[in-house]
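A closer look at the structure
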Amino acid sequence: MATTRAFEVPKPGAPFTGVDRPLRAPGPGQVRIAVEACGICHSDAFVREGHWPGLAYPRVPGHEVVGRVEALGPGVTDWREGQRVGVGWHGGHCGTCEACRAGDFLQCARGLVCGFTYDGGYAEHLVAPQEALAAVPDGLDPVAAAPLLCAGVTTFNSLRNSGARAGDLVAVQGIGGLGHLGIQYARQLGFRTVAVSRGADKRALALELGAHEYLDQEAGDAAQALQALGGARVILATAPNAQLMSALVPGLGRNGTLLVIGASADPLQVAPAQLIGRRLRIQGWPSGTPKDSEETLAFSLRSGVASRNEVFPLAQANEAYARMLSGAARFRVVLKVR
Ligand SMILES: [Zn+2]
Ligand SMILES: [Zn+2]
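Residues numbered from 1 in each chain as written. Chains lettered and ligands numbered in written order. Predicted model: local features only at pLDDT ≥ 70, side-chain atom pairs only at ≥ 80, totals over all residues. Heavy atoms only, no water.

The protein goes by Alcohol dehydrogenase in an unreviewed UniProt entry, where it is assigned to Anaeromyxobacter paludicola. UniProt, in the comment section headed Sequence similarities (unreviewed entry), describes the protein in these words: "Belongs to the zinc-containing alcohol dehydrogenase family." What UniProt records for the protein under Cofactor (unreviewed entry) is the sentence "Zn(2+)". (UniProt positions renumbered as here; feature names shortened; annotations may be inferred.)

This is the structure in structure tokens:
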């Protein structure tokens, strides 16, 4: 019987373990993908540590998957064998729940997450439902495309839906895996782009990524500096540090939004009275649909936005994950599978 190599989490807290599993035929409405690359996202820690309710183990993580369609299940008509595709965080939806009937597939009550509710891309193959697929343009290599399917779509899609218009001042807090993409997208979307981080040593990098200005949160009050620039229409908060996010709220201009995508479990500290006078908002944003991913990939290719990646072979999934977790990776970690 044909087998496929995968790195699974055997039980919560255990290291990834290489296993050879039987190659599965796709069921109705599913496709089997020969994986070429898979990004490692910080959210994979939920699977590794068992901090996500209802997960079954063993489980293969990975929701930044790029590969080629290898086999079509019954009833799949809009994808073809050999086609380059990706699967991101949004791993499928039911089509009939209240949210789906409203066209809001991301909020599906029975929504699937690739690498959480079914096995993901730390593997040579995966089987995914057809509605989870995003087409990958030919000009993008798999390693370049993979991180755009979670980190990329989350930053691009949150910014393009933020209400900010070309010319508006948009600040991006944090220059890590999300932030280094956020700065590039903000610049390419036409915003007056201000990068906010800690340390004078980040300035050159911020400007190289496309920021018009750089504010060092260690050198002074960045919120005050944002007000001096006119106040931010949007602050995209990417570094998962609730205290630093909270400190920037006074930097919002009228009708400004603190747009939170850096997943911290700590509370934001904002006085209600801060929000009222200038009609401020605090909003969260989760990734996007596969169509949003497709548009993220196309936009990135066209505009030159690229993730900076450290690449490991699949066999080094544990080392790659440790590198991601260390916070020292510049900036995303990607498994090259083929
Ligand atoms: Zn992710
Ligand atoms: Zn649904």
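Okay, back to it.
With that settled, the discussion passes to the coordination of the zinc ion (ligand 2). Around the zinc ion (ligand 2), the protein contributes the donor atoms Cys94 (SG), Cys97 (SG), Cys100 (SG) and Cys108 (SG), which lie 2.3 to 2.4 Å from the metal centre. One can describe the site at the zinc ion (ligand 2) as tetrahedral: its four donor atoms subtend angles covering 105 to 118 degrees at the metal. The exposure class assigned to Cys94 is partly exposed, which follows from its relative accessible area of 28%. (Donors = N, O, S within 2.8 Å, 3.2 Å for Na, K, Ca; no water. Tetrahedral: all angles 85-135°; square planar, octahedral: opposite > 155°, others 65-115°. Buried < 20%, exposed > 50% of the residue type's maximum accessible area, 1.4 Å probe, protein only.)

Let us now look at the side chain of His90. Turning to its location among the elements, His90 is positioned in strand β6 (residues 90–92). Polar side-chain contacts of His90 include one of 2.9 Å to the side chain of His93. (Helix = DSSP H or I, 4+ residues; strand = E, 2+ residues; numbered from the N terminus. Polar contact = N/O pair within 3.5 Å; in protein donor to acceptor, adjacent residues only side chain to side chain.)

With numbering matched to this structure, UniProt assigns "domain: Enoyl reductase (ER)" (unreviewed entry) to residues 13–335. End C-alpha to end C-alpha, residues 13–335 measures 20 Å, and it is 26% helix and 26% strand.

This part is about the coordination of the zinc ion (ligand 1). Ideal geometry at a metal centre: 109.5 degrees between donors when four sit tetrahedrally, and 90 or 180 degrees when six sit octahedrally. On the protein side, the zinc ion (ligand 1) has Cys41 (SG), His63 (NE2) and Cys150 (SG) as donor atoms, found 2.0 to 2.2 Å from it. Expressed as a motif, the donor residue spacing for the zinc ion (ligand 1) is C-x21-H-x86-C. Separated by 87 residues along the polypeptide, His63 in the loop between α1 (44–49) and β4 (65–72) and Cys150 in the loop between α3 (142–145) and α4 (151–160) bring together distant segments of the chain. We classify His63 as buried; its relative accessible area is 1%. For Cys150, a relative accessible area of 9% puts it in the buried group.

With that settled, the discussion passes to helix α10 (residues 290–303). An ideal rise of 1.5 Å per residue puts 20 Å on 14 residues; α10 measures up with 20 Å between its terminal C-alpha atoms. Every buried residue belonging to α10 is among Pro290, Asp292, Ser293, Thr296, Leu297, Phe299 and Ser300, and all of these are buried. Contacts made by the buried residues of α10 are with β6, β9 (133–135), α3, α4 and α5 (179–188). (Expected span 1.5 Å × (residues − 1). Contact = heavy atoms within 4.5 Å.)

Let us now look at the sheet that holds strand β10 (residues 169–173). The strands making up a sheet associate through backbone hydrogen bonding, with each pair oriented either parallel or antiparallel. With respect to topology, six strands assemble into an open sheet ordered β12-β11-β10-β13-β14-β15, the strand pairing being parallel. At either margin of the open sheet sits one strand with a lone partner, and together these are β12 (213–216) and β15 (281–284). Neighbouring strand axes in the sheet, compared pairwise and without regard to direction, differ in orientation by 20 degrees on average. Two strands pair when backbone bridges link them, and β10 and strand β13 (residues 232–237) are joined in this way by four bridges, in the parallel orientation. Following the sheet pairing, Val170 is matched in β13 by Val234. Along the sheet, α5 contacts β10, β11 (192–197) and β13; its crossing angle with β10, the most-contacted strand, is approximately 170 degrees. (Pairing = 2+ DSSP bridges. Axes fitted to C-alpha atoms, helices over the stretch in contact; angles between N-to-C directions.)

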